[in-house]
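Residues per chain, in single letters:
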Amino acid sequence: MISLLAAAVPNPTRNAPGALTSKIDLVLGIAAWAGTAAGVAGVLVTGAMMAISHKQGQSSEHMSRLGMVLGGCVLVATAGPLVQFVFN
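The rules behind these values
- Residues numbered from 1 in each chain as written.
- Predicted model: local features only at pLDDT ≥ 70, side-chain atom pairs only at ≥ 80, totals over all residues.
- Heavy atoms only, no water.
- Helix = DSSP H or I, 4+ residues; strand = E, 2+ residues; numbered from the N terminus.
- Buried < 20%, exposed > 50% of the residue type's maximum accessible area, 1.4 Å probe, protein only.
- Areas by Shrake-Rupley, 256 points an atom, 1.4 Å probe, with all protein chains shown as cover.
- Polar contact = N/O pair within 3.5 Å; in protein donor to acceptor, adjacent residues only side chain to side chain.
- Contact = heavy atoms within 4.5 Å.
- Expected span 1.5 Å × (residues − 1).
- Bend = angle between axes of the 7 residues up to and from the residue.
- Axes fitted to C-alpha atoms, helices over the stretch in contact; angles between N-to-C directions.
- Parallel < 35°, antiparallel > 145°, perpendicular 65-115°, else oblique.
- Left-handed = near helix turned anticlockwise from the far one by under 90°.
- Nonpolar A, V, L, I, M, F, W, Y, C, P; charged D, E, K, R; others polar.

### Quick word on the overall build of the protein chain
In step 1: Per the secondary structure count, the protein chain includes three helices and zero strands.
In step 2: Starting at the N terminus and walking to the C terminus, you meet the elements of the protein chain as α-α-α.
In step 3: Residues counted as buried form 7% of the 88 residues belonging to the protein chain.
In step 4: Summed over all atoms, the accessible surface of the protein chain reaches about 7500 Å², with 73% contributed by carbon and sulfur.

See below:
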């Protein structure tokens, strides 16, 4: 019973075709670039909306929107390293 619990965890080898791997890397690279661009655009748009509403004297909930945009930026920036940490 004890030897069964102490058995080694299987570690299968990777055998994906090289052509498939390069295409997946390309798609993931494009998705990462698009996520970064969307994050920068979101910060710029939120900042512009904050400036306009401040100039007009209106108070708005832009800080929560900015927090959500920055949270998305952090998620996009850490997605790759987090997946690499989990699967390596």
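### Side note on the environment of Ala77
In step 1: You can see Ala77 is positioned in helix H3 (residues 62-87).
In step 2: We classify Ala77 as exposed; its relative accessible area is 55%.
In step 3: For the pair Ala77 and Gly39, spaced 38 residues apart in sequence, the C-alpha separation works out to 9.8 Å.

### A few points about the side chain of Ser53
In step 1: Assignment of secondary structure puts Ser53 in helix H2 (residues 18-55).
In step 2: Here Ser53 falls in the buried class, since its relative accessible area comes to 8%.
In step 3: In terms of polar contacts, Ser53 uses its side chain to reach the backbone carbonyl oxygen of Met50, at 3.1 Å.
In step 4: Excluding residues that lie within four positions of it along the chain, Ser53 makes contacts with Gln58, Ser60 and His62.

### A few points about H3
In step 1: Compared with an ideal rise of 1.5 Å per residue, which puts 26 residues at 38 Å, H3 spans 37 Å between its outermost C-alpha atoms and is within 8% of the ideal.
In step 2: The largest bend along H3 reaches roughly 45° and is located at Ala79, with the proline Pro81 sitting one to four residues downstream.

### Focus on the packing of H2 against H3
In step 1: For the pair H2 and H3, the least separation of the axes is 9 Å and the interaxial angle reads 165°. As summarised for this structure, H2 and H3 are arranged roughly antiparallel, according to the angle between their axes. The interaxial crossing formed by H2 with H3 has left-handed handedness. Note on element contacts: H3 touches H2 through His62, Met63, Arg65, Leu66, Val69, Leu70, Cys73 and Val76, opposite Ala32, Gly35, Thr36, Gly39, Gly42, Val43, Thr46, Met49, Met50 and Ser53.
In step 2: Looking at the contact of H2 with H3 residue by residue, the class counts come to 10 nonpolar, seven polar and one charged.

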